[in-house]
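# A look at the structure
These are the residues of each chain, in order.
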Amino acid sequence: MNELLVPHEGEYESYYTGYVNWVIGKDVPTLLLEQVDEIRKFYEQMGEEKSLLAYETGKWTGKEVLGHIIDTDRIMTFRALCFARGEKAALPGFDQDQYVATADFNNIPLSALLEDFELSRKALVSLLKNLPESTYANIGVANGFQVSVRALFHIIAGHAQHHLNVLMLKYK
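Thresholds applied
- For every chain, the first residue of the written sequence is number 1, and numbering continues from 1 onward in sequence order.
- Totals for whole chains, interfaces and linings use every residue, but because this is a predicted model, local features are given only for residues with pLDDT of at least 70 and side-chain atom pairs only at 80 or more, for both listing and counting.
- Heavy atoms from the whole structure form the basis of all side-chain values; hydrogens and water molecules are not counted.
- The numbering of helices and of strands both runs from the N terminus, where a helix is a DSSP run of H or I of at least 4 residues and a strand a run of E of at least 2.
- We compute the radius of gyration over the C-alpha atoms and compare it with the globule rule, which gives 2.2 Å times the number of residues raised to the power 0.38.
- Each residue gets one of three labels from its accessible area relative to the maximum for its type: buried under 20%, exposed over 50%, partly exposed in between, using a 1.4 Å probe on protein chains only.
- The contact criterion used is simple: two residues touch if any of their non-hydrogen atoms lie within 4.5 Å.
- Computed with the Shrake-Rupley method and a 1.4 Å probe, the accessible areas treat only the protein chains shown as cover for residues.
- A residue counts as positive if it is Lys or Arg and as negative if it is Asp or Glu; His and the chain ends are not included.
- Just so you know, the charge point we use is NZ for Lys, CZ for Arg, CG for Asp and CD for Glu.
- Residue count minus one, scaled by 1.5 Å, sets the expected span of a helix.
- Read the arc as the range of directions from the helix axis to the C-beta atoms.
- Orientation is described by axes fitted as lines to C-alpha atoms, over the contacting stretch for helices, and by angles from 0 to 180 degrees between their N-to-C directions.
- Roughly parallel means an angle under 35 degrees; roughly antiparallel means over 145; roughly perpendicular covers 65 to 115; every other angle is labelled oblique.
- Left-handed describes a crossing whose near helix is turned anticlockwise from the far helix through less than a right angle; right-handed describes the clockwise counterpart.
- Within this scheme, the nonpolar core is defined by two criteria: the residues are buried Ala, Val, Leu, Ile, Met, Phe, Trp, Tyr or Cys, and they are joined through side-chain atoms within 4.5 Å.

### Looking at the overall build of the protein
Within the protein, the secondary structure is distributed over 6 helices and 2 strands. In terms of overall dimensions, the protein is globule-like: its C-alpha atoms have a radius of gyration of 16 Å, near the 16 Å expected for 172 residues. With respect to the three principal axes, the spread of C-alpha positions in the protein is 45 × 30 × 25 Å. Counting every position in the protein, which comprises 172 residues, the buried fraction comes to 47%. Sequence separation of at least 24 residues holds for 78% of the intrachain contacts in the protein that already meet a minimum separation of 6. Carbon and sulfur atoms provide 52% of the accessible area of the protein, an area that totals close to 8800 Å². Positive and negative side-chain charges in the protein, numbering 16 and 23 respectively, have mean positions lying 2 Å apart.

### Notes on helix H5 (residues 110–130)
Taking 1.5 Å per residue as the helical rise, H5 with its 21 residues ought to reach 30 Å, and the 30 Å between its terminal C-alpha atoms agrees with that figure. Of all the positions in H5, only Leu 110, Leu 113, Leu 114, Phe 117, Ser 120, Arg 121, Leu 124, Val 125, Leu 127 and Leu 128 are classed as buried. All buried residues of H5 lie within an arc of 155° about the axis, which places them on one face of the element. Opposite the buried face of H5, at more than 90 degrees from it, the exposed residues are Ser 111, Lys 129 and Asn 130. Buried residues in H5 make contact with helix H2 (28–50), helix H3 (62–84) and helix H6 (149–170).

### So, the packing of H5 against H6
Between H5 and H6, the least distance of the axes is 12 Å, while the angle of their chain directions is 155°. Overall, the two elements H5 and H6 adopt an arrangement that is roughly antiparallel. As for how H5 packs across H6, the hand of that crossing is left-handed. Between H5 and H6, the contacting residues are Arg 121, Leu 124, Leu 127 and Leu 128 on the first element and Phe 153, Ile 156 and Ala 160 on the second.

### Focus: the nonpolar core
Of all hydrophobic cores here, the largest spans 30 residues; its most connected members are Leu 32, Phe 83, Val 147, Phe 153 and Ile 155. For this core, the elements supplying multiple residues, two or more each, are helix H1 (17–23), H2, H3, H5 and H6. By residue number, the principal contributor to this core is H6, which donates 7 residues. If we skip the residues at most four places from it in the chain, Ile 155 touches Tyr 12, Tyr 16, Tyr 19, Val 20, Met 76 and Val 147. Listed in part, the 20 residues of the second largest apolar core include Phe 42, Val 100, Leu 167 and Tyr 171.

Okay, structure coming up:
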């Protein structure tokens, strides 16, 4: 594990503490790729039909959760790239519910969503592995809050794990 990749207190909004804490002490690039296999295995067992169901009224379907994970990965990765490259402009937030509603994930085959997740994760890990270590602590503003490059990669992994944990609990 690369200690330079571990975020310090104050490098992310307190809302993300649970996500970051879940990842602390783990090798983030390895974990990000391991999650691809975990999520693929879970969804393949769930199957196309069950992935169209929400575990409760008003909640997202399994496919919508997967699509949300993919969208969030991409947004957080973009933020990490911007801040690693020295971006000084503040980046906007995003309305996750609007994104899910607009994406129409339920009409995308589950196999295509899983492939998209895998490919986007491989690109994310490639970026992380090729960033200069000197940029890990760079801080920018996103959604009105300061966040470091290294915190963003922890948030990505912790966010996906959070949703996988909920899915495993609710869809057992």
